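# Topology and contacts: notes
Here is what each chain is made of, one letter per residue.
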Amino acid sequence: MNLLLPKTTSEFGSTKYWDQFFKARGKAAFEWYGEYPELCGILHKYIKPKDDILVVGCGNSKLSADLYDVGIKKIVNVDISATVINQMLKANRSRSEMQWLQGDVTQMKEFNEETFSVVLDKGTLDALMTDDSAEVLNRVSAYLSEMSRVLKIGGRFICVSLLQPHILKLLLATLPANNFMFRVVRCVEAERKTAETSSDGTSMPVFVVVATKFKALPQKLLEICMCGDKIQRLTSEAEVSAVINDVQQSSMVTNGLVKDSSAALSNEIKLELHTADDKDKPRYTIHVLDQKPKRGNGKFAAFIVPQGREVDWLFSTPPGRRKLQESSGHDRLAIVSMHRDFTYPDWERVQEELNPYIRNLAPNGSSAKIPYLSLDSNVGHRELICKGKSDFSGPYVIEDVLCDNNQLFRRLIFMQNQNTIQSEALLKMSHAKDGTVMKKFVDKTYLACQHHLYMTAGLNIFNTTKSKNKKSTKTEALLVGLGGGGLVSFIQEMLKNVKITAIELDPSILSIATEFFELNQTKNLEVVIQDGLEYLKEASKMENPKKLNAVLFDVDSKDTSIGMSCPPKDFLSPEIIDAVKKILKDDGLFILNLVCRDDELREKVIADLKKDFKAVCSFKLEEDLNEIVYCSASEAPLDAEKWKKMFEKSAKELNQLACSQKIVAQDDELIEITDFLSNLKV
């Protein structure tokens with residue numbers, strides 16, 4: 001048995017090794033990279049019955065016999081091993097027109113120039129080019145030179161290979177430079193066959209290089225076909241190498257998953273599937289997660305995320321996906337997300353498209369039929385409303401997405417961060433008498449971001465603390481960060497006594513909020529397009545700055561290098577905090593939406609705020625990273641009891657308003673007061 005495997009890779013080029021190899025194999029055919037049934041779909045596109053064919057390094061493969069039996073008669077087979085040539089002569093006596101010759105493919109002096117219209121190589125180049133040493137390169141270069149010499153103009157060099165990097169590098173450096181049109185076709189059928197018959201269920205990508213010889217070419221012609229029949233033309237050898245490398249790396253990952261059921265126990269694995277038409281954008285993204293096998297669990301399943309839901313916490317974050325995996329009832333779960341800019345006709349078509357790839361992710365021993373899970377039995381609904389580009393935030397899309405309970409949401413997504421919803425609004429429908437939808441409109445009492453509710457609760461304190469005879473006095477606030485206008489629209493609906501000036505850096509955001517999220521500037525709302533930092537500095541330096549009840553910061557950071565994504569660090573500089581204090585009334589509040597993943601940095605932010613304000617308290621949302629920090633400008637410090645009394649009164653009033661406007665049912669709470677008060681940190 002040991003004779004069937006070389007002791008060192010250099011033996012692949014040895015006559016003695018191959019004589020021993022084929023003696024040990026006996027009559028059993030040895031097929032490199034698939035047999036005729038797997039390869040014929042590609043081969044018959046480039047080999048015709050009239051062709052004169054040279055099969056180099058034929059071995060005892062049945063491929064030549066199979067081609068002969070389907071009508072391709074003019075075949076000459078060459079192999080370095082006299083043993084295998086004698087075997088094949090005896091085995092193919094009935095195929096009288098086919099020739100079998102012992103010879104060295106690096107010195108084919110028995111053939112004249114331009115003798116053959118096809119040179120067919122199945123694994124021979126891979127066997128010859130064991131590494132990129134000078135000796136091996138000289139041998140392979142001689143082989144390619146001989147191949148080119150005996151090939152007719154217009155003839156095809158067809159090479160079935162794994163295209164290891166050193167082999168691909170040599171082919172790309174040699175063939176296009178010598179007037180060969182260079183095409184690489186992936187042979188998925190050969191890979192599947194190998195996976196089905198191998199003991200561990202794995203396979204490597206198999207490629208067919210089709211290099212067509214021309215007298216002269218005006219420019220290099222480089223093409224690939226990685227799926228189906230779609231041929232892509234590339235502009236450089238580096239592009240070809242990159243595509244092949246991506247396929248090979250993906251295969252290494254999937255082979256690891258097949259062999260090792262714990263491959264993704266600690267870290268999820270991410271794969272992207274692209275179409276031949278659009279290699280820059282993935283059509284599907286797949287996250288593969290494993291958990292320790294549990295009794296009663298299935299081995300493997302795929303979960304398809306409906307369109308538009310990929311931004312949900314459960315699907316867009318590692319903790320969310322881990323939670324989904326743990327509850328799936330399967331030891332391994334492949335979570336598949338669909339992408340905008342593509343069409344997905346129906347559930348069945350999506351499964352059919354995914355099946356060949358999902359099968360490669362199943363651990364060895366899994367059921368042949370893969371269960372597909374989802375939230376529903378359809379692919380979801382996503383309607384593109386608008387595409388645009390902001391000078392500050394880059395490309396964006398506005399889309400309507402159908403979610404649970406047939407609720408329709410309008411979302412603003414910045415393409416630089418596609419898994420984050422920048423702004424969201426709940427849409428309602430107005431209907432004609434016959435029931436047809438006449439118009440979509442925004443429900444301004446809906447808050448997409450829970451942290452906005454607790455910012456509103458802080459602002460509402462000023463309504464609840466006013467005496468009856470001063471009730472008509474406006475509460476005046478400054479909000480830095482408009483977004484889609486969800487927060488200010490909610491405040492306008494709920495707190496009629498609040499006047500807000502909203503500062504927004506990006507004029508595109510105001511246009512989006514107005515046109516698509518129905519933001520209305522009224523006597524209680526003014527939007528100023530300006531850098532928030534500059535606005536605060538200017539307002540605080542006025543001779544008699546206007547004093548406000550509250551200043552709210554709800555602005556994202558574009559700097560991902562630090563652990564704080566809200567607000568940008570400059571908004572917490574001593575100069576800006578001092579400006580905030582100068583424009584606040586004596587009993588005013590600074591309300592900050594803080595999103596900080598770095599515990600040390602978060603502690604420093606809170607410590608700095610405590611130096612600037614006599615009283616600071618915060619509320620951390622359970623399922624979000626958002627933490628609302630309330631800072632009192634009062635010189636008389638507030639104790640925990642006073643904070644809680646203020647917030648309890650404010651929350652109760654908001655709950656009453658929500659019930660009266662039928663935002664919540666009579667017995668429900670918009671703010672769960674007990675939870676809110678118990679989690680306030682003073």
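## Concerning the overall build of the chain
When helices and strands are counted, the chain shows 20 helices and 28 strands. For the chain, the spread of C-alpha atoms along the three principal axes comes to 115 × 55 × 55 Å. Buried residues in the chain amount to 51% of all 682 residues. When contacts within the chain are restricted to residue pairs at least 6 apart in sequence, long-range pairs at least 24 apart make up 67% of them. Between the averaged position of the 89 positive side-chain charges in the chain and that of its 94 negative side-chain charges there is a distance of 1 Å.

## Quick look at the side chain of E476
Position of E476 among the secondary structure elements: in strand 20 (residues 475-480). A distance of 2.8 Å separates polar atoms of two side chains, one belonging to E476 and the other to K546. Ignoring sequence-local partners within four residues, the contact set of E476 consists of K499, K546, L548, N549 and A550.

## A look at the packing of helix 6 (residues 134-150) against helix 7 (residues 165-174)
Where helix 6 contacts helix 7, the two axes come as close as 12 Å, and the packing angle between them is 45 degrees. As judged from the angle between their axes, helix 6 and helix 7 are oblique. The way helix 6 lies across helix 7 gives a crossing that is right-handed. Contact residues: helix 6 offers L137, V140, S141 and L144, while helix 7 offers L170, L171 and T174.

## Quick look at the nonpolar core
In terms of nonpolar packing, the biggest core is built from 62 residues, with Y454, L482, Y630, F647 and F676 touching the most fellow members. Looking at this core, the element that brings in the most residues is helix 13 (residues 450-464), giving seven residues. With sequence-adjacent residues up to four places away left out, Y454 is seen in contact with F619, L621, I628, Y630, I671 and F676. Counting 42 residues, the second-largest nonpolar core is a separate cluster that includes V76, Y143, F157 and M226.

## Thoughts on the sheet that holds strand 3 (residues 99-102)
Pairing is mixed across the open sheet formed by nine strands, whose spatial order is 3-2-1-4-5-7-6-8-9. Every interior strand has two partners, whereas the edge strands, strand 3 and strand 9 (232-234), have only one. For this sheet, the mean inter-axis angle between neighbouring strands, taken without regard to orientation, is 20 degrees. Along the sheet, helix 4 (residues 82-91) makes contact with strand 2 (75-79) and strand 3, crossing strand 3 at roughly 165 degrees.

## So, the packing of helix 13 against helix 14 (residues 486-494)
It is at 10 Å that the axes of helix 13 and helix 14 come closest, and there the two elements cross at 45 degrees. In this view, helix 13 runs oblique relative to helix 14, as classed from their interaxial angle. Where helix 13 crosses over helix 14, the two elements pack in a sense that is right-handed. On the side of helix 13, the interface is formed by H452, L453, M455, T456 and L459, while helix 14 contributes L487, F490 and I491. Here the residues of the contact of helix 13 with helix 14 are counted per class, giving six nonpolar, two polar and no charged.

## Concerning the packing of aromatic side chains
Enumeration according to the criterion identifies 15 aromatic pairs in this entry. Seen in terms of ring centroids, Y454 and F619 are 4.5 Å apart; in terms of plane orientation they differ by 35 degrees. Their pairing is tilted. Of this pair, Y454 sits in helix 13 while F619 is found in strand 26 (residues 615-620), placing the two residues 165 residues apart along the sequence. Like F619, Y454 is buried. Between the aromatic rings of Y630 and F647, the centroid separation amounts to 4.5 Å while the plane-to-plane angle is 55 degrees, which identifies the pairing as tilted. Of the two residues, Y630 sits in strand 27 (residues 626-632) while F647 sits in helix 19 (residues 640-660), which places them 17 residues apart along the sequence. Classification of Y630 by relative accessible area gives buried; the value is 0%. Sitting over the ring of Y68, K73 keeps its end group 4.2 Å from the ring centre. The ring of F613 has K581 sitting right over it, with the charged end atom 5.9 Å from the ring centre.

## A closer look at the pairing of strand 13 (residues 330-338)
Summarising burial for strand 13: nine of the nine residues are buried, a large majority. Pairing of strand 11 (residues 282-290) with strand 13, which is carried by seven bridges, proceeds in the antiparallel orientation. Note that in strand 13 the partner of T285 across the bridge is S337. The pairing of strand 12 (residues 298-305) with strand 13 spans seven bridges and is parallel. Bridged to F303 within strand 13 is I335.

## A word on helix 15 (residues 507-516)
Every buried residue of helix 15 is accounted for by S508, I509, L510, I512, A513 and F516. By the N-cap criterion, in which a side-chain oxygen at the helix start approaches the backbone nitrogen of a residue two or three places on, helix 15 is capped by D506, the distance to S508 being 2.9 Å.

## Thoughts on a negative patch on the surface
A cluster of acidic residues, E622, D667, D668, E669 and E672, forms a negative patch at the surface. Mapped onto the elements of the fold, E669 is located in the loop between helix 19 and helix 20 (673-678).

## Topic: the confidence of the model for the chain
Averaged over all residues, the pLDDT of the chain equals 87, while 91% of them reach at least 70. Mean pLDDT across the secondary structure elements of the chain bottoms out at helix 1 (residues 15-25), with 57, and peaks at strand 1 (residues 53-56), with 98. Counting contacts from residues 1-9, a segment whose pLDDT is below 50, to residues more than four positions away or on other chains yields 13 contacts.

## What to know about unusual backbone geometry
Look at the link from C566 to P567: it is a cis peptide, with omega at -5 degrees. With respect to the secondary-structure elements, P567 resides in the loop between strand 24 (564-566) and helix 17 (574-583). Even without glycine at this site, E518 takes up a positive phi of about 55 degrees. Here E518 is to be found in the loop between helix 15 and strand 22 (525-529). Although it is not a glycine, K662 sits at a positive phi angle of roughly 60 degrees. Inspection of the secondary structure assignment puts K662 in the loop between helix 19 and helix 20.

Rules used in this analysis
- Residues numbered from 1 in each chain as written.
- Predicted model: local features only at pLDDT ≥ 70, side-chain atom pairs only at ≥ 80, totals over all residues.
- Heavy atoms only, no water.
- Helix = DSSP H or I, 4+ residues; strand = E, 2+ residues; numbered from the N terminus.
- Buried < 20%, exposed > 50% of the residue type's maximum accessible area, 1.4 Å probe, protein only.
- Contact = heavy atoms within 4.5 Å.
- Lys, Arg positive; Asp, Glu negative; His and termini not counted.
- Charge placed at Lys NZ, Arg CZ, Asp CG, Glu CD.
- Polar contact = N/O pair within 3.5 Å; in protein donor to acceptor, adjacent residues only side chain to side chain.
- Axes fitted to C-alpha atoms, helices over the stretch in contact; angles between N-to-C directions.
- Parallel < 35°, antiparallel > 145°, perpendicular 65-115°, else oblique.
- Left-handed = near helix turned anticlockwise from the far one by under 90°.
- Core = buried A, V, L, I, M, F, W, Y, C linked by side-chain atoms within 4.5 Å.
- Pairing = 2+ DSSP bridges.
- Nonpolar A, V, L, I, M, F, W, Y, C, P; charged D, E, K, R; others polar.
- Phe/Tyr/Trp six-rings, centres within 6.5 Å; stacked < 30°, edge-to-face > 60°.
- Lys NZ or Arg CZ within 6 Å of the ring centre and 35° of its normal.
- Patch = residues over 30% accessible without salt bridge, like charges linked within 9 Å, V, L, I, M, F, W, Y side chains within 5 Å.
- Areas by Shrake-Rupley, 256 points an atom, 1.4 Å probe, with all protein chains shown as cover.
- Salt bridge = Lys/Arg side-chain N within 4 Å of Asp/Glu carboxyl O.
- pLDDT = per-residue confidence, 0-100.

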